[in-house]
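Residue-level structural notes
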Amino acid sequence: MTGKAETSGKRKAIKVIRRILILIAAAVAAVLVYYTAREYRPENTQELETGSGTRQLSPGDSLSVLTWNTGYAGLGEDEDFFMDGGSKVRPDSADVVEENLKGICSILQGQEADVLFLQELDRNARRSYHVDELAWYEDALGMDGSFAYNYKCDFVPYPWPPIGRVEAGIATLTDYQMSGAARIALPESFRWPVKTCNLKRCMLEVRIPVEGTDRELVLINFHLEAYDSGEGKAAQSAMLAEKLTEEYEKGNYVIAGGDFNQTFDGIDAYPIHNKEDWVPGVYEEADIPEGFSLQAAQNVPTCRLLNAPYSGNYEDSQVYVIDGFLVSENLSVDRIENMDTEFEYSDHQPVRLEVTLKEDM
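A brief look at the structure comes next. Every value quoted in this text rests on a predicted model; they were computed, and no experiment measured them.

**Overview of the overall build of the chain**
Counting its secondary structure elements, the chain contains four helices and 17 strands. Each principal axis of the C-alpha atoms in the chain carries an extent, and together these give about 100 × 45 × 40 Å. With 361 residues in all, the chain has 52% of them scored as buried. Taking all contacts inside the chain whose residues are at least 6 apart in sequence as the whole, residues at least 24 apart take part in 76%. Entry remark: accessible area of the chain is about 16300 Å², with carbon and sulfur atoms responsible for 50%.

Pasting the structure below:
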């Protein structure tokens, strides 16, 4: 009888374990179905609202463009980040986010740039305490423009505590009159199921008519892949080059700028000494499309590694130059300079470009 009881007990235990495994499998399947159904799937090209600017642009005019990855106002000098070798997921309070926003706005107001390329703007995200950062910038700067989502997920489930809800993207603000704007999808870097709750990178195209001509100034704002093995950045860089070539061959003036997440050939003022954590790719000279020049300065770095809070100097913290511009040859480059903000409000520093539209092209 004892043997039969033991056998019966084992069978019951196996049944319980089997039911538990079935329930776990069903739960995992349900989660995957949910994330797949709710995945953000933008069209390849999506028309966007344009700003209300009224300024006119003519051949011979000069203008300034500033690009800045604002780090969703959550990656100031005291922060680290789990993807870069740190541990934090978000700042300690909404007050930190708002103080960073005030600081970023103050710097942008002082620059008085004609065009702003901004990356990593949260609209409704747990990591930035659900502050609508686009509305904040538009109100503070008295400028508007176009916004494109590149990250939308109901709940990002990693790490612990998890990132949670994210609605974020990139914005181009200007008071010039726009003739159109569009979100152009870039190649995805990750496969299912990881891609269901990951970024969907894009280019934000803004078109500004040039008075007295049939040309346009085409502005391309972008934020290329960061945490892939390299293939994603390469594919995205190639598509960016194709877009720029297409516009330049039409006779348009073209400025593309943003966060390349890649260092640049010939800029070696800040060597990589930390190879244990995040290491950027390399944007090669061969990646630059014909008819364009890479405009990147090295007077100060444009990004720091978020493996720890900022040390206060470039020697002790790993820093890079990974932000800049690609400019068509029918524009004369008058100035390119990185702004020194001491990484107080973001893990990136802004880059300012000044150009003049050539008249004899």
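**Describing helix H2 (residues 94-111)**
Across its 18 residues, H2 extends 26 Å between first and last C-alpha, which sits within 8% of the 26 Å expected from 1.5 Å per residue. Looking at H2, one finds that the buried residues are Val-97, Asn-100, Leu-101, Gly-103, Ile-104, Cys-105, Leu-108 and Gln-111. The inward-facing, buried residues of H2 abut strand S2 (62-69), strand S3 (115-122), helix H3 (133-141) and strand S17 (351-357). Among the residues trailing H2, Glu-112 stands out with phi positive, at a value near 50°.

**Digging into the layout of surface pockets**
The calculated volume of the largest pocket comes to roughly 530 Å³. At the level of elements, strand S4 (144-156), strand S5 (164-174) and strand S13 (303-304) are the ones that each hand at least two residues to the lining of the largest pocket. Across the lining of the largest pocket, the residue classes break down as 19 nonpolar, six polar and eight charged.

**Things to note about empty space enclosed by the protein**
Under the defined criterion, the tally for this structure stands at two cavities of 30 Å³ or more. If you add up the space inside the largest cavity, you get close to 50 Å³. Along its surface, the largest cavity is lined by Pro-187, Glu-188, Ser-189, Phe-190, Lys-195, Asn-198, Leu-199, Lys-200, Arg-201, Glu-225 and Gln-236. Along the lines of polarity and charge, the residues of the lining of the largest cavity split into three nonpolar, three polar and five charged. The space that makes up the second largest cavity amounts to roughly 40 Å³. Put simply, the parts of the chain that give the lining of the second largest cavity at least two residues each are helix H1 (2-38) and S4. By residue number, the principal contributor to the lining of the second largest cavity is S4, which donates four residues. The class makeup of the residues in the lining of the second largest cavity is four nonpolar, one polar and four charged.

**Some thoughts on the sheet that holds S4**
Read from one edge of the open sheet, six strands run S4-S5-S3-S2-S17-S16, paired in mixed fashion. Each end of this open sheet is capped by a strand with a single partner; those strands are S4 and strand S16 (331-338). Averaged over all neighbouring strand pairs, the angle between strand axes comes to 15°, with direction disregarded. Looking at chain direction, S4 and S5 are connected through 10 bridges and run antiparallel. Looking across to S5, one finds that Tyr-149 is bridged to Gly-169. The strands touched by H3 within the sheet are S3, S4 and S5, with S3 carrying the most contacts at an inclination of about 145°.

**A word on the pairing of strand S7 (residues 202-209)**
Here S7 lies mainly inside the structure; seven of its eight residues are buried. The turn linking S7 back onto strand S8 (residues 216-223) is made up of six residues, and Gly-212 within it adopts a positive phi angle of 80°.

**Some thoughts on the packing of aromatic side chains**
Here the structure, examined in full by the defined rule, presents 14 aromatic pairs. Ring geometry for Phe-264 and Tyr-283: centres 6.3 Å apart, planes at 85°, overall edge-to-face. Of the two residues, Phe-264 is situated in strand S10 (residues 262-264) and Tyr-283 in strand S11 (residues 281-283); the sequence distance between them amounts to 19 residues. Take Phe-264 and Tyr-283: they sit in the same class, and that class is buried. Ring centres of Trp-278 and Tyr-320 lie 5.5 Å apart, and the angle between their planes is 85°; on these two criteria the pair is classed as edge-to-face. Of this pair, Trp-278 sits in the loop between S10 and S11 while Tyr-320 sits in strand S14 (residues 319-320), placing them 42 residues apart in sequence. Overall, the relative accessible area of 1% leaves Tyr-320 in the buried class. Counting every residue linked through ring pairs, the aromatic cluster contains Phe-222, Phe-260, Phe-264 and Tyr-283. Its end group placed over the ring of Phe-147, Arg-123 keeps NZ or CZ at 5.0 Å from the ring centre.

About the thresholds
- Throughout, residues of each chain are indexed from 1 in the direction in which the sequence is written.
- The predicted origin of the model limits local features to residues at a pLDDT of at least 70 and limits the giving and counting of side-chain atom pairs to 80 or more, whereas totals for whole chains, interfaces and linings rest on all residues.
- Neither water nor hydrogens contribute to the side-chain values; these are computed over all heavy atoms in the structure.
- Put simply, DSSP H or I for four residues or longer makes a helix, DSSP E for two residues or longer makes a strand, and each gets a number counted from the N terminus.
- Throughout this description, buried means an accessible area under 20% of the type-specific maximum (1.4 Å probe, protein chains only), exposed means over 50%, and partly exposed covers the range between.
- Contacts are assigned to residue pairs that have any heavy atoms within 4.5 Å of one another.
- Computed with a 1.4 Å probe, the accessible areas rest on the Shrake-Rupley method; for each residue, only the protein chains presented here act as cover.
- To estimate the expected span of a helix, count its residues, drop one, and scale the result by 1.5 Å.
- Points on a 1 Å grid over protein atoms alone make up a cavity when a 1.4 Å probe fits among them but cannot get out, and a pocket when they form an open set with protein on both sides within 12 Å along at least five of seven lines; lining residues each have an atom within 4 Å of a point.
- Grid points are joined across faces, edges and corners, and a volume is the space filled by probe spheres set on the points.
- In this classification, the charged set is Asp, Glu, Lys and Arg, the nonpolar set is Ala, Val, Leu, Ile, Met, Phe, Trp, Tyr, Cys and Pro, and all remaining amino acids, among them Gly, are polar.
- Whether two strands pair depends on DSSP finding at least two bridges between them.
- Lines are fitted to the C-alpha atoms to define the axes, a helix being fitted only along its stretch in contact, and any angle between axes, read from their N-to-C directions, falls within 0 to 180 degrees.
- Two rings from Phe, Tyr or Trp (for Trp, the six-membered ring) form a pair when their centres sit within 6.5 Å of each other. Planes less than 30 degrees apart are called stacked, planes more than 60 degrees apart edge-to-face, and all others tilted.
- Two limits define a charge over a ring: the Lys NZ or Arg CZ must be within 6 Å of the ring centre, and within 35 degrees of the ring normal.

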